Amino acid sequence: MPPINHATITQDVLRPTLVEVNLARLAENLRAIRQKVAPAKVMTILKANAYGHGLVEVARWMEQQGADYLGVAYLEEGLLLRQNGIRLPVLVLGGIIGNQVPLFLQNDLTLTASSLEKLEQIESAAAQLGLPARVHLKIDTGMERIGVHYYSAAGLLEASLKCKHCLIEGIYSHFANADAADLSHARLQLERFNEVLRFYERRSLPAPLRHIANSAGILQLPESYFDLARPGILLYGVYPSPEASRTVAVRPALSWKSRVVYFKVVLPGHPVSYGSTWQSDHPVRVVTVPVGYGDGYFRSLSGKAQVLINGRQYPVIGRICMDQMMVNLEMGSAYNGDEVILLGEAGGAAITVEHLAEWAGTIPYEILTNINTRVPRVYLQG
Ligand SMILES: *Cc1c(COP(=O)(O)O)cnc(C)c1O
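About the criteria used
- Residues numbered from 1 in each chain as written.
- Predicted model: local features only at pLDDT ≥ 70, side-chain atom pairs only at ≥ 80, totals over all residues.
- Heavy atoms only, no water.
- Near = heavy atom within 4 Å.
- Polar contact = N/O pair within 3.5 Å; in protein donor to acceptor, adjacent residues only side chain to side chain.
- Areas by Shrake-Rupley, 256 points an atom, 1.4 Å probe, with all protein chains shown as cover.
- 1 Å grid on protein atoms, 1.4 Å probe; cavity = no way out; pocket = protein on both sides within 12 Å on 5 of 7 lines; lining within 4 Å.
- Sits in = over half its atoms within 2 Å of the grid points.
- Nonpolar A, V, L, I, M, F, W, Y, C, P; charged D, E, K, R; others polar.
- Patch = residues over 30% accessible without salt bridge, like charges linked within 9 Å, V, L, I, M, F, W, Y side chains within 5 Å.
- Salt bridge = Lys/Arg side-chain N within 4 Å of Asp/Glu carboxyl O.
- Helix = DSSP H or I, 4+ residues; strand = E, 2+ residues; numbered from the N terminus.
- Buried < 20%, exposed > 50% of the residue type's maximum accessible area, 1.4 Å probe, protein only.
- Domains from an automatic or database assignment.
- Contact = heavy atoms within 4.5 Å.
- Buried area = accessible area lost by both parts, 1.4 Å probe.

1. Focus on the site of the ligand
- Near the ligand there are 13 residues, and of these Lys47, Tyr51, Ser215, Ile233 and Tyr365 occur at the shortest range.
- A distance of 2.8 Å separates a nitrogen atom of the ligand from a polar side-chain atom of arginine 230.
- About the coverage of the ligand: the protein hides 93% of its 390 Å² of free accessible area.
- When each cavity is represented as a set of grid points, the ligand is found to reside in the largest pocket.
- Looking at the shell around the ligand residue by residue, the class counts come to 6 nonpolar, 4 polar and 3 charged.

2. A word on a nonpolar patch on the surface
- On the surface, a cluster of nonpolar side chains totalling about 260 Å² of accessible area is made up of Phe263, Val265 and Leu267.
- With respect to the element layout, phenylalanine 263 can be found in strand β12 (residues 262-266).
- A relative accessible area of 33% means that phenylalanine 263 is categorised as partly exposed.

3. As for the domain arrangement of the protein
- Each domain of the protein was delimited in the assignment, giving domain 1 (39-236) and domain 2 (254-380).
- The C-alpha-based centres of domain 1 and domain 2 are spaced at 39 Å.
- Across the boundary between the two partners, domain 1 contributes 8 residues, which contact 8 residues of domain 2.
- With both chains or domains summed, domain 1 and domain 2 bury close to 790 Å², and 67% of this area falls on carbon and sulfur atoms.
- Among the residues of domain 1 in contact with domain 2, Tyr51, His53 and Ile233 are the three that bury the most area, contributing 55% of the side total.
- Put simply, domain 1 and domain 2 have 0 salt bridges between them.
- Ranked by the residues each element gives to the side of domain 1 that touches domain 2, the list is headed by helix α2 (residues 47-51), at 3 residues.
- The residue makeup of the side of domain 1 that touches domain 2, split by class, is 3 nonpolar, 4 polar and 1 charged.

Structure follows, in C-alpha cells:
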C-alpha cells in the first residue's frame, strides 16, 4: 500500500489520531542549547525517527535552522536522510558491520570506528573503492557498550594516524550516568576521556573534533562540551531525568491528539474492555477513542493514564486495545468529534511525556520513540 499523502485527503475523513510537531519549539530549543554550549558546535541527534518526531522532516528543519551536524544510530537512518536530499554531515553512532562500509562511503556518511579491526575494515574498503572515509573514533570510558576501552585506546589512535584513506574527523565517548544527581561516574568518564586526548598533546598534533556531551552532559557538565555537543531528548523539549538540573529552558515540541468516536452510558454490572477488568457501581458516561497500543499508547497505561477532553482530565478505563480505548467521563460531557489530548497542553492543563512515562513505568525516551509511524505527523511552523 503506498503511503497516504495526507495533503491530498482532508484530515476529517481519516482516523482523527495524529501527532503534531511544533517546529518553532524545536527551533527555540536548538537556539537555547547552542547558546548554552557555545563556542562548541551542535550535533542534533535524530535516531529512532527523531525521537518519534519524524526523521526526514526534523532533519530538514535542523538544516534550515543551521545545525552543524546530524547524528543517527543506524546506517539505514543515514541513507534515508541522503535519499531525501539532506546535505549536512551525518554521523552514524552505532557499531558497523564490515560489509556496510561501501554504503557509508558512497553516501558520504560518517563512520564510527569503535575498534582497531573496524578501523582497518574502513581503511581497506576506502582504499579499494578509492573513496575517502570520514571517521570518528569511539572511546569507551565507562559505558561498556561500543568503543575501544580508554586504557587501550592508544593503539587505535596510533593506527588512525597511519590511515591514508580515512579522514579522522572526530573522537568521542558517551556518558552512562550524566543524568544522575551524583556525577562522580560521569566525572570519572571525563577524566578518562581527557587522558586519552593527551595522546595528541604529547605528539603536538591537533586533536580531531572531541565530543562526549549528551543532553544530560549539556545540562550538568559544562566541562564536557569540548568541540561538539550531542543533544537528543533536550532538543525535543524533554529533560533526560527528574534529577538532572534544568540549566537550559526547553519546551516540548510534540502533542498527540485524537477525537471521540463513540459515546455511551455504561451501566453497573457491565465491565469495560478485554478481560472485564473494570466496572462501575453506578451508571457512567464513557467515550471510545481510536488509538491503542498498536499506535504506541502502551497497554501498561491501562487503568493508569489520564487524557484531556474539553480542558478536563479523565481516566482511561479497562484494558487498552490495539486500536481503541475507553475513557470514563463520569458525569462529564463530550460529543463525538471532540478533541482528546493524549499528550500535550490545553488551557492550563497538560499531559506530559514524563506523566506517561511514570504511568507506564518507563522513561520519557521510550514513550516518544514508540509512537508508531501509523500515526501521521503534522508539522506546525507557528
Ligand atoms: C542517543 C545518544 C545521544 C543523545 O542522548 P540524549 O540523552 O537523548 O541527549 C548522544 N550520543 C549518543 C552516542 C547517543 O547514542
